Amino acid sequence: MQVYRDWSEVPKRARAITIGVFDGVHQGHRTLLRQLLSAARERNLGALVVTFANHPQSVLNPPAPPLLTSPEERLQLLAEIGVPETLLLAFTPELAHQTAEQFCQELVDKLGCHLLIVGDDFALGYRREGTVPRLRELGRQLGFEVTTVPSFTLKGVRVSSSHIRQLLLQGQLVEAQELLGAPYLVAGKVTRGAGRGHHLGFPTINLQVPPEKLLPRHGVYAGRVRLLEGRWDAAVYIGKRPTFGETEPIVEAYLLDFRGEVRVGTQVTVELLAFIRPDQRFETAEALVAQMQEDVEKVRECLREQTS
């Protein structure tokens, strides 16, 4: 996938375009993106996604909600879906004050927009004045068509990023995954930890996760870690290590049956597949080790059930 980070980087050609934060790249987003790719093929247009490096609420109404997907995670998911081009823009105060007409003029002049595909509740521009009827009017003036995609519902529930955030914070991982259409991902660079896991007999890799990333309910998860060597089953801990009196949340993973070394600075992605238990404080290191042994067996059993 070709990624542009400024309007000026994009070579102008006839395109079908969609715009949004696409936080989580959930089932609703995927439905819209499939429509984009299909329409672009049918009309012999390029297909481009315009998205944002920071959540618009960080400018419009801070603080912004924590992100289900960091910009890099979002780009990875868009590439996996088959999106050929993405423009990743910084959402700035200047952009926030653009009128819908000004923004649409740039879509046409700089990106070659012939077709704009958006959700039926979409709006853009200053004070969200660019509603769908207004966009259709602008399309007639500027020479592009507007197509809308209905809101996606699953089991009678409208799929939204905010609803998925709440499910993850409650530890309802299975329900969140169903709405996402894929495992919840936590990506980051391997950083040097305190070494406690090694001394306890469970050496872990510690991840440095972007501060804006949403961490789900603290506790232990069954997961898989993506490395260059492949994907490894893992017991994943997210929490503040209350046994050791720490206050900052961490993400660490114990790779099952892994005998190699993961170097500090390596970028890895963790797939969270099942919630095992909530975080808790232990009175002794021995009690913690006993629980970790039990956790690992539950993780193995859980992952076996998922692959059988």
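Sequence order as written defines the numbering, with residues in each chain counted from 1. Only residues with pLDDT of at least 70 are given local features in this predicted model, and only at 80 or more are side-chain atom pairs given and counted; all residues enter the totals for whole chains, interfaces and linings. Only hydrogens and water are set aside; all other atoms, that is, all heavy atoms of the structure, feed into the side-chain values.

A. Summary view of the pattern of salt bridges. Here a salt bridge means any side-chain nitrogen of Lys or Arg lying within 4 Å of a carboxyl oxygen belonging to Asp or Glu. Inspection of the entire model under this criterion finds 20 salt bridges. The salt bridge involving Asp233 is made with Arg224; its shortest N-O contact spans 2.9 Å. When its relative accessible area of 28% is taken as the criterion, Asp233 is described as partly exposed. A network of salt bridges, in which partner residues are shared, links Glu80, Arg226, Arg231 and Glu271. Throughout, exposure labels follow a simple rule: accessible area from a 1.4 Å probe, protein chains only, divided by the maximum for the residue type, with under 20% read as buried, over 50% as exposed, and the rest as partly exposed.

B. Region of interest: the pairing of strand 3 (residues 46-52). Comment: elements are numbered from the N terminus, with helices defined as DSSP H or I runs of at least four residues and strands as E runs of at least two. Most of strand 3 is tucked away, with 7 of its 7 residues classed as buried. Burial along strand 3 is two-sided: the residues Gly46, Leu48, Val50 and Phe52 and Ala47, Val49 and Thr51 are all buried. Strand pairing is assigned whenever DSSP identifies at least 2 bridges connecting the two strands. In this structure, strand 2 (residues 15-19) lies alongside strand 3, joined through 5 bridges in parallel fashion. Bridged to Ala16 within strand 3 is Ala47. Looking down the strands as they point away from you, a crossover is right-handed if its path from the first strand over the helix to the second goes clockwise. Remark: the strand 2/helix 1 (residues 27-42)/strand 3 crossover connection has right-handed handedness.

C. Up close: the sheet that holds strand 12 (residues 205-208). Read around the closed barrel, the 6 strands follow the order 11-12-15-14-13-16; overall the barrel is antiparallel. Averaged over all neighbouring strand pairs, the angle between strand axes comes to 45°, with direction disregarded. Note that strand 11 (residues 184-191) and strand 16 (residues 267-278) share 6 bridges and pair antiparallel. Bridging across to strand 16, Tyr184 finds its partner in Leu272. Strand contacts of helix 8 (residues 173-180): strand 11, strand 13 (219-227) and strand 16, with the helix running at about 135° to strand 16, the strand carrying the most contacts. The angle between two axes is taken between their N-to-C directions and runs from 0 to 180 degrees, where each axis is a line fitted to C-alpha atoms and a helix contributes only its stretch in contact. In this analysis, two residues are considered to be in contact whenever any of their non-hydrogen atoms come within 4.5 Å of each other.

D. The packing of helix 1 against helix 3 (residues 71-81), seen in detail. Look at helix 1 against helix 3: their axes get within 11 Å of each other, and the N-to-C directions meet at 50°. Regarding the angle of helix 1 to helix 3, the classification is oblique. For the element pair helix 1 and helix 3, the recorded crossing hand is right-handed. Of the residues in helix 3, those in contact with Arg30, Leu33 and Leu37 of helix 1 are Leu77, Leu78 and Ile81. Residues of the contact of helix 1 with helix 3, tallied by class, amount to 5 nonpolar, no polar and 1 charged. In what follows, roughly perpendicular refers to angles from 65 to 115 degrees, roughly parallel to angles under 35, roughly antiparallel to angles over 145, and oblique to any angle outside these ranges. Crossing chirality is assigned from the near helix's rotation relative to the far helix, an anticlockwise turn below a right angle marking it left-handed and a clockwise turn marking it right-handed. In this classification, the charged set is Asp, Glu, Lys and Arg, the nonpolar set is Ala, Val, Leu, Ile, Met, Phe, Trp, Tyr, Cys and Pro, and all remaining amino acids, among them Gly, are polar.

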